[in-house]
Amino acid sequence: MKKITPQCSVLLILAFLSAQTWASSRLTVVEDVADLTLADTNLVLLGNRLLFQTAEAHGMTLWAQNTESNARVSLFEGAIANFQVPTEYSSEPKQLLRNEDLVFFLVGEQHGEKQIWRTDGTKTGTFKLDSSIVYQDLVSSQGLVFSHSVGGNIIATDGENVTEHQFRFPNTDNVCAFGLNDLITTDFDSSNSTTYIKRSKDGVLTDIPLPGGNAFFSLDTDEVWRLGDVCYFGLFRNNITSDVLMVSESGEVNYLSEQFNTSGMEQIFVFNNRIYARTYINDESRLVRLNQSLDGTDKVYGDSLGIYMYNAEVLNDYIVAQTTTPNISPAVRGTLYFDADLNEIPDLGGAFVPIPEYYPSGRGQIYLNNNYTNPSLIAEDVSFDSEFVILSVSNALVENVTSHEDEQDVFLMLKDKTTAKRSIVALTYVPGIGDSINGMWNDPEIKNQGLSIHTGERGDGSKYIFATVYTYQDGAPLWLAGVANIVHPQSSIEMLVGEYSNSNMFDPEATPTESVFGSLRLEMTACDQLKATLVSDTDSFVLNLSRIDNVHYSHLCLND
C-alpha cells in the first residue's frame, strides 16, 4: 500500500480507481511554434472539445480542438477579459468559465466595457448574449451564470435566456437561485451603509428579515447553498454566534437557531446533501453533522488533544479539516480527512499536507497538489485502497489543469523552464512522440542491434525525428536512416528509411547515393519501451526495444 507524507515542491496526481492502473506518461497535444503561441490563460475541457487561447500578431484567438479527431476550429478572435475567481487566500484571474455544457467569457478591454459571450465549442454555438454591458465578474452556481451590469444589477443567464435584477449593489458570489427570475443575495444600501438580504422574484424586490437585525453580519461565499426547495445562508457576527437563514421557494423564512443551538458554530457547509458545522465549544474543536430535522446532531467528531480546526472543506468524497496547535509554539499545522459519517481516515492527511485540487474524470477521481514553482517526483507507501499516479515535471511549470467528468483525458498546460515555451499535454497510458523518444534503444534478446533516435526543431519551429537503425543483412552490418516531421498529437510515427553509399564521411561536398529500403514505424508502448516495425519489399520484422540511457529521459514520463 502507499502513503502520502508531507513533502515540499510536489506535483502529485492521484487517481482513485478500482480495476485499472492510471496513466503512465503524457502526450503533447499543442505546443508553441513560430506562428502559434499559447496564451497564459486557463484551459477548459468541454466534453471532447479542448478550449484554449493563442496570441498572434493580430491578437488573441480562442480555439476548440476535438480530442478524438484533433481537428481544430477558431471560435473567436478579439480581446477576452480576465475575471477574478476567489481562492483560499486571494483570487486568481481566469478568462473561461465552464457551466455544465457551455463555456462563458467576457469580451472587451480589461478596464473598459465588457459583454458576455458563450460557446458550446462550435463556431455556430459561439455568440454574444443579449445583455447589458457588464462589469468584470463572472460566477457559475446552481446551473446558472451571474455577472454585474455596470449599473450594479445582477445579470443571470443559462446561456440562452438572460434576466436582469434591480438590486442596488449586490454580491454575485453568494447568490441562491430558484431560477433565472428568482434570486436571493446580499445587497448593500450606501445611503445608510447597511447590508441586506433581498429576494428578486419576477421583477419584485423584497427584504428578508434577519435575526438580530442587519448590522455587522457577514455571509461567506462557501456558506450559501440550495438543497431542494430551500436556500440556506450562513450568517456570522465576529466569527461566532452564527445562525442559518432558511428561505423556501414558497417564501417561508426560518432560522436554524429556532430549533438548534448555534452558539459556538464557526462554519457551516453542505456535503452529500447534509448540513455540517465546525464548532468550538469549551476550548475543543468539533465537527458535527445535523440530523434531517435540523434540531440536533447525529454524528460528531471531537478532539480533546488541544488541536484547533480552523477550516473545513469538501473535497469530493471527503471532508478535509485544517488544524493547528494554539497552545504550542511554534504551532504545528495538520490536515485531517473524514468520510460522510465523520470517521477519520488516518492514512490520508498529516502534518503540513496541503488540501489538493479536485478534477473529475471519466477515469476516476483526480487530485492535484501543485506548488506551481518546482514540481518533483515523490512516491511512497500509503495504507489506503487507492491507486496513485505521480507526475514528474521537473523540466516545466504546471500553469493550468482541466478535466471533464465524462472524458478520459486530463490536460495540463506546461511552461518549459529553459525555453519558456508552453505546451498542452494529455495524461495518457503511453507516451506520445516527442522528447521522450530520444536516446538509444535495443532489444535485450538481440545482440549488437538497435536504434538511435533524435528529435529536433528547425528554424521555423517545426519538429522532426531522425532515426538510425543498426542491424544486419546476410551477415553484414546494415545501417538505415530516415527522417519524418512530428505533428502533435502523435502516438506513433512512420518514415521511409534508406541505405546510403558512395560517400566519404570526411568529404563535405559529397552527396551520398540513397536507396530506399522500406518503412519504419515507431510506437512507444511505455515510458522506456518502444515498438519498432521495419518493413521492406521482401521482409518485415518487429523489435520490442528498451531504452539504454533511460536516466536522461526518465523525467519526461509519469511513474506509477
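The shown structure was predicted, so the numbers you read here are calculated from the model rather than taken from an experiment.

Draft legend 1. Here's a closer look at the pairing of strand E26 (residues 265–271). Counting buried residues in E26 gives 6 out of 7 residues, a clear majority hidden from the surface. Where E26 and strand E27 (residues 274–281) come together, 6 bridges link them in antiparallel fashion. Across the sheet, residue Phe269 finds its bridge partner in E27, namely Tyr276. As consecutive antiparallel partners, E26 and E27 are separated by 2 residues, and within that stretch Asn272 has a phi angle of approximately 55°, a positive value.

Draft legend 2. Focus on the state of the cysteines. In the structure shown here, the tally under the stated rule is 1 disulfide. Note that Cys176 is cross-linked by a disulfide to Cys231, the S-S spacing being 2.0 Å. The disulfide joining Cys176 to Cys231 has a torsion of about -85° about its S-S bond and is therefore left-handed. Here Cys231 lies in strand E23 (residues 230–237) and Cys176 lies in strand E18 (residues 176–179), a separation of 55 residues in the sequence.

Draft legend 3. The pairing of strand E2 (residues 25–31), seen in detail. Counting buried residues along E2, 7 of its 7 residues qualify, which places the element largely inside the surrounding structure. Pairing between E2 and strand E39 (residues 422–428): 6 bridges, direction antiparallel. Residue Ser25 lies in a different strand from E39, and its bridge partner there is Thr428.

Draft legend 4. Local environment of unusual backbone geometry. For the bond from Ser329 to Pro330, the omega torsion is -5°, close enough to zero to count as cis. That bond from His488 to Pro489 is cis: its omega, -5°, falls within 30 degrees of zero. Considering the arrangement of structural elements, one finds Pro489 in the loop between strand E43 (476–486) and strand E44 (492–501). Residues other than glycine seldom take positive phi values, yet Asn282 does so here, at roughly 55°. Relative to the elements of secondary structure, Asn282 occurs in the loop between E27 and strand E28 (284–290).

Draft legend 5. Molecular detail of the sheet that holds strand E17 (residues 162–165). Reading across from one edge, E14-E15-E16-E17 is the order of the 4 strands in this open sheet, with antiparallel pairing throughout. Every other strand in the sheet has two partners, leaving strand E14 (139–141) and E17 as the edge strands with one partner each. Between one strand axis and the next, the sheet turns by 25° as a mean value, whatever way the strands run. In terms of strand pairing, strand E15 (residues 144–148) meets strand E16 (residues 154–157) through 4 bridges, oriented antiparallel. Looking at the pairing, Val145 lines up with Thr157 of E16.

What counts and what doesn't
- Numbering of residues starts from 1 in every chain and runs along the sequence as written.
- Local features in this predicted model are restricted to residues of pLDDT 70 or higher, and side-chain atom pairs are both shown and tallied only at a pLDDT of 80 or more, whereas totals for entire chains, interfaces and linings draw on every residue.
- Hydrogens and waters are ignored; side-chain quantities use all the structure's heavy atoms.
- Working definition: with a 1.4 Å probe on protein chains only, accessible area under 20% of the residue-type maximum means buried, over 50% means exposed, and in between means partly exposed.
- Secondary structure elements follow DSSP: runs of H or I of four or more residues count as helices, runs of E of two or more count as strands, with numbering from the N terminus.
- DSSP bridges decide pairing: two strands pair if at least two such bridges lie between them.
- Disulfides are defined as cysteine sulfur pairs within 2.5 Å.
- Lines fitted to the C-alpha atoms define the axes, with helices restricted to the stretch that makes contact. Angles between their N-to-C directions range from 0 to 180 degrees.

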